[in-house]
Amino acid sequence: MEKKTYYVNIASQEISQIPYGNNAEYTIQATDEEVFLLREKFNEIHEDDIGTFVRAHIPFVQYHQDPENDDYDTDLQDAMQMIYQLATPQTKQAMDESGISPKNENN
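Description of the structure in this document. The structure displayed is predicted, hence computed values, not measured ones.

**Some thoughts on the overall build of the chain**
When you go through the chain residue by residue, the secondary structure sums to three helices and three strands. Counted from the first residue to the last, the chain has its helices and strands arranged as β-β-β-α-α-α. Counting all 107 residues of the chain, 36% fall into the buried class. Sequence separation of at least 24 residues holds for 50% of the intrachain contacts in the chain that already meet a minimum separation of 6. As displayed, the chain has an accessible area near 7000 Å², and 52% of this comes from carbon and sulfur atoms.

What follows is the structure, given as structure tokens:
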């Protein structure tokens, strides 16, 4: 499959082929299937975010005993790993230099 250039913004969970505004936080080269998988991960993060919102209204549950926050953290780390693996060399270098590259022996 042919890889295309996409621009990804984690905060807005946006994946676009057209750079505009601040959507070009990360630049990746990906196939349609890889973009679909990243979109699915963003959907999971969105669902996790709703769960953490609901949980936030239960004052006696501690953060470190909160599976909703654990799910959110895990899915966000997975998304960052996917972005790093698909990133252009310039994006990987920027992620490495800023200290946000995933810590993985296979990078």
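**Comments concerning the sheet that holds strand β1 (residues 4-9)**
One open sheet accounts for three strands, arranged β2-β1-β3; its pairing is antiparallel. The sheet is open, and its two borders are formed by β2 (14-16) and β3 (26-30), each paired with just one other strand. Direction aside, the axes of adjacent strands within the sheet are offset by 30 degrees on average. Here β1 runs beside β2; their pairing, made up of three bridges, is antiparallel. Each bridged residue has a counterpart across the sheet, and for N9 the counterpart in β2 is E14. Strands in contact with helix α2 (residues 67-86) are β1 and β3; relative to β3, the strand with the most contacts, it is inclined by about 70 degrees.

**Brief notes about the side chain of N23**
With respect to the helices, strands and loops of the structure, N23 is situated in the loop between β2 and β3. Judged by relative accessible area, which is 1%, N23 ranks as buried.

The rules we used
- Residues numbered from 1 in each chain as written.
- Predicted model: local features only at pLDDT ≥ 70, side-chain atom pairs only at ≥ 80, totals over all residues.
- Heavy atoms only, no water.
- Helix = DSSP H or I, 4+ residues; strand = E, 2+ residues; numbered from the N terminus.
- Buried < 20%, exposed > 50% of the residue type's maximum accessible area, 1.4 Å probe, protein only.
- Contact = heavy atoms within 4.5 Å.
- Areas by Shrake-Rupley, 256 points an atom, 1.4 Å probe, with all protein chains shown as cover.
- Pairing = 2+ DSSP bridges.
- Axes fitted to C-alpha atoms, helices over the stretch in contact; angles between N-to-C directions.

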